[in-house]
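Working through the structure, step by step
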Amino acid sequence: MVGVLRRLSVLDWIRVGLLGLGLLAVVTELLPVEEAAGEVGRIAPILLFLAAVIVLAELVKEAQVFDVIAARLAMAGRGHYVALFLLCTAFASLVTMFLNLDTTAVLLTPVMLALAARTGIAALPLAMTTVWLANTASLFLPVSNLTNLLAMERLGLSTKEFAGRLWLPQLVSVAVTMVFLWVFFWRRGRRGADRYDPPPPVPVADPLLFRTAATVCVLFVAAILLELPIQVAALAAAVLMIAAFAWRDRSKLTLALFPWQLLVFVTGLFLVVPTLSRYGLAGLMSALAGTGGDGDGAYRAAAVGAGLSNLINNLPAYTAVEKVIPVVNQDQLLALLIGTNVGPVITPWASLATLLWFEWCRRRGVRVPMLTFVLAGAGLAVVGVTATVGALLLTA
């Protein structure tokens, strides 16, 4: 037990402490038991989805699917940076949309950094592509981001209805992100080279496991498009991958696959934020975001969501502001979603995905200039959120 506690990071202790505060609020009746039970019941399917999709993504990575795709993208670029830029942004966007933003930050980032080392490509442009698009490309589908699941459940939208409202805002958000990526990190004066050396093909250790993982990913995406319950689709896909690894490579099936840290963090948030809302937070958020369902209300909600995300983190920011927006104000709630998805690109703690990305960069020795990160992120947040909310209002 002592050994387990010693392995906990500072971030792990914060997560456990947050859950402890939430449970304390329930025990002391600062948060009534009935309300706490309602909050936990609301997020139970979401927690199931999160656990399943992260296990799925981790095993897909172990099967080398991401490595092979990244190497083939670099080969397809034939040494041309413009082609590589377009291919990498498309890849990161699709992974975020269909496999969750944490997959892009946690699993795609090391793949991209390894690709940079093999080809002599500057690491920072590839790294910034994953972290920015992990956030800004997470609007399109409910599976893309936990906040999307919360918004879809609050508004009673189906997957098709959700995507129908947000396809244009998502296109705008990705387009703005691409412009900022090129100007600040990918253009010739920033990347430091005219061409790169295409890498050799990645040898696949277990072709059968690779094909199985690729097939499971396709089936998972198909299940989402067919509007099956996303937690059921993710759980079925994760079970298939666990079975495949139990057959082919049991050494990869460890307890480390289970994302207990994220589940503890989310549960703690959904106990602490309602408690704070009962004692003044809701009034403050209502005053800042307003309750207007018009364009002004939408922009106010988006600005508050983006600003609060960069102060404390996007998940508590979304849950705090969501509570004061009337359900009938669909545009305002979706604008808040835009603020908390597209806006958290300024500070390292603005989203969990960004925190995890910084940890990977530190492990791989990738230097991230903090001033550039903050200033470029501030520009992207302002322009991206403004343009994306405008696109949302056009589809109203």
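Everything in this summary refers to the structure shown in the same document. Given the structure is predicted, the values throughout are model-derived calculations rather than measurements.

1. Remarks on the overall build of the chain
Regarding its fold elements, the chain presents 18 helices and 0 strands. Taken against the 2.2 N^0.38 rule, which gives 21 Å for 396 residues, the C-alpha radius of gyration of the chain at 21 Å falls within 12% of a compact globule. Projected onto the principal axes, the alpha-carbon positions of the chain cover approximately 60 × 45 × 45 Å. Residue burial in the chain is summarised as follows: out of 396 residues, 54% are buried. Residue pairs at least 24 apart in sequence account for 81% of intrachain contacts in the chain once pairs closer than 6 positions are excluded. Only carbon and sulfur atoms are counted for the fraction: they give 69% of the accessible area of the chain, which is about 16,400 Å². Averaging the coordinates of the 27 positive side-chain charges in the chain and doing the same for the 21 negative ones gives two points 11 Å apart.

2. Considerations on the layout of surface pockets
By volume, the second largest pocket amounts to about 350 Å³. Elements with a contribution of two residues or more to the lining of the second largest pocket: helix 2 (10-27), helix 13 (260-289), helix 14 (295-312), helix 15 (314-322) and helix 17 (352-363). At 6 residues, the largest contribution of residues to the lining of the second largest pocket is made by helix 13. Residue composition of the lining of the second largest pocket, by class: 16 nonpolar, 1 polar and 1 charged.

3. A short note on the environment of Leu209
Positionally, Leu209 belongs in helix 11 (residues 207-225). Accessibility expressed as a relative area gives 5% for Leu209, which makes it buried. It is 11 Å that separates the C-alpha atoms of Leu209 and Leu240, two residues lying 31 residues apart in sequence.

4. Brief notes about the packing of aromatic side chains
Taken as a whole and judged by the stated rule, the model has 10 aromatic pairs. Judged by centre distance (5.9 Å) and plane angle (10°), the ring pair of Phe180 and Phe184 falls under stacked. With Phe180 and Phe184 both in helix 9 (residues 159-186), this residue pair falls 4 residues apart, about one helical turn. Residue Phe180 is classed as buried on the basis of its relative accessible area, which comes to 14%. Judged by relative accessible area, Phe184 falls into the partly exposed class, the value being 27%. A connected cluster of aromatic rings, assembled from ring pairs, spans Tyr81, Phe85, Trp182, Trp186 and Tyr196. Here Arg248 stacks its cationic end above the ring of Trp247, 5.2 Å away from the centre of that ring.

5. Section: the nonpolar core
In this structure, Trp132, Phe220 and Trp357 are the most contacted members of the largest nonpolar core, which totals 135 residues. Looking at this core, the element that brings in the most residues is helix 3 (residues 33-62), giving 13 residues. When near neighbours in sequence (up to four residues on either side) are disregarded, Trp132 contacts Thr177, Phe180, Leu181, Phe185, Val345, Ala376, Gly377 and Leu380. Grouped together as the second largest cluster of nonpolar side chains are 5 residues, Ala25, Val26, Ala36 and Leu271 included.

6. Comments concerning empty space enclosed by the protein
Counting across every chain of the model gives 1 cavity of 30 Å³ or more. Space inside the largest cavity adds up to approximately 160 Å³. Contributing to the lining of the largest cavity are 16 residues, with Asp102, Asn145, Leu146, Asn314 and Leu352 lying nearest its centre. Where the lining of the largest cavity is concerned, the elements lending two or more residues are helix 6 (101-119), helix 8 (146-155), helix 13, helix 15 and helix 17.

7. A word on the pattern of salt bridges
Any two side chains of opposite charge can pair if their charged atoms end up close together. According to the stated counting rule, one finds 5 salt bridges in the structure shown. Measuring nitrogen to oxygen at the nearest pair gives 3.1 Å for the salt bridge that ties Arg165 to Asp331. Pair noted here: Arg165 is in helix 9 and Asp331 is in helix 16 (residues 330-342), with a separation of 166 residues, a long-range link. Taken as a pair, Arg165 and Asp331 share a single burial class, namely buried. Among the salt bridges present, the one from Arg248 reaches Asp206, with a minimum N-O distance of 3.0 Å. Remark: Asp206 occurs in the loop between helix 10 (188-191) and helix 11 and Arg248 occurs in helix 12 (residues 230-248); sequence separation between them is 42 residues. With a relative accessible area of 15%, Asp206 lands in the buried category.

8. Comments concerning the side chain of Ser138
By secondary structure assignment, the location of Ser138 is in the loop between helix 7 (123-136) and helix 8. When near neighbours in sequence (up to four residues on either side) are disregarded, Ser138 contacts Thr96, Leu101, Leu133, Ser144, Asn145, Asn148, Gln170 and Asn341.

9. Quick word on a nonpolar patch on the surface
Together, Leu48, Leu235 and Val239 line one region of the surface with nonpolar side chains, adding up to about 230 Å² of accessible area. Relative to the helices and strands, Leu48 is located in helix 3. For Leu48, a relative accessible area of 37% translates into the label partly exposed.

10. Overview of helix 6
The end-to-end C-alpha distance of helix 6 is 26 Å, a good match for the 27 Å that 19 residues give at a rise of 1.5 Å each. Of all the bends in helix 6, the greatest reaches close to 40° and is centred on Leu108; the proline Pro110 follows between one and four positions later. In terms of residue burial, helix 6 counts as a mostly covered element, since 15 of its 19 residues are buried. Phi turns positive, to about 80°, at Gly120, one or two residues after helix 6.

11. Quick notes on unusual backbone geometry
Not every positive phi belongs to a glycine, and Glu29 is a case in point at roughly 65°. Relative to the helices and strands, Glu29 resides in the loop between helix 2 and helix 3. You will see that Arg78, though not glycine, has its phi angle at about 55°, which is positive. Relative to the elements of secondary structure, Arg78 occurs in the loop between helix 4 (65-77) and helix 5 (81-99).

Scoring rules and cut-offs
- Residue indices begin from 1 for each chain and proceed along its sequence in written order.
- pLDDT decides what is reported in this predicted model: residues at 70 or higher carry local features, side-chain atom pairs at 80 or more are listed and counted, and totals for whole chains, interfaces and linings draw on all residues regardless.
- Hydrogens and waters are ignored; side-chain quantities use all the structure's heavy atoms.
- Only DSSP runs of H or I reaching four residues or more are called helices, and only runs of E reaching two or more are called strands; each is numbered from the N terminus.
- With the radius of gyration taken over C-alpha atoms, the globule rule is written as 2.2 Å times the number of residues to the power 0.38.
- Buried residues are those whose accessible area, probed at 1.4 Å on protein chains only, stays under 20% of the maximum for their type, while exposed residues exceed 50% and partly exposed ones sit between those limits.
- The criterion used for residue contact is that any of the two residues' heavy atoms lie within 4.5 Å.
- Here the open area of atoms and residues is found with the Shrake-Rupley method and a 1.4 Å probe, where only the protein chains shown may cover a residue.
- By the counting scheme adopted, Arg and Lys are positive, Glu and Asp are negative, and His together with the chain ends is not counted.
- To locate a charge, the coordinates of NZ of Lys, CZ of Arg, CG of Asp or CD of Glu are taken.
- A pocket here means an open set of points on a 1 Å grid, computed over the protein atoms alone, that has protein on both sides within 12 Å along at least five of seven lines. A cavity is instead a set of points where a 1.4 Å probe fits but cannot get out; residues with an atom within 4 Å of a point line either one.
- Grid points are joined across faces, edges and corners, and a volume is the space filled by probe spheres set on the points.
- For this scheme, ten residues count as nonpolar: Ala, Val, Leu, Ile, Met, Phe, Trp, Tyr, Cys and Pro. Four count as charged, namely Asp, Glu, Lys and Arg, and the remainder, Gly too, count as polar.
- Stacked, edge-to-face and tilted are the three classes for Phe, Tyr and Trp ring pairs, Trp counted by its six-membered ring, which pair at centre distances within 6.5 Å; planes under 30 degrees apart are stacked, over 60 edge-to-face, the rest tilted.
- Distance and angle both matter: a charge sits over a ring if NZ of Lys or CZ of Arg is within 6 Å of the ring centre and within 35 degrees of the ring normal.
- Nonpolar cores are built from buried Ala, Val, Leu, Ile, Met, Phe, Trp, Tyr and Cys residues. Side-chain atoms within 4.5 Å join them into one set.
- Counted as salt bridges are all cases of a side-chain nitrogen of Lys or Arg within 4 Å of a carboxyl oxygen of Asp or Glu.
- Like charges are joined within 9 Å and nonpolar side chains (Val, Leu, Ile, Met, Phe, Trp, Tyr) within 5 Å, but only among residues with over 30% relative accessible area and no salt bridge; these make up the patches.
- To estimate the expected span of a helix, subtract one from its residue number and multiply by 1.5 Å.
- Two axes enter the definition of the bend at a residue: one is fitted to the seven residues ending there, the other to the seven starting there, and the bend is the angle between them.

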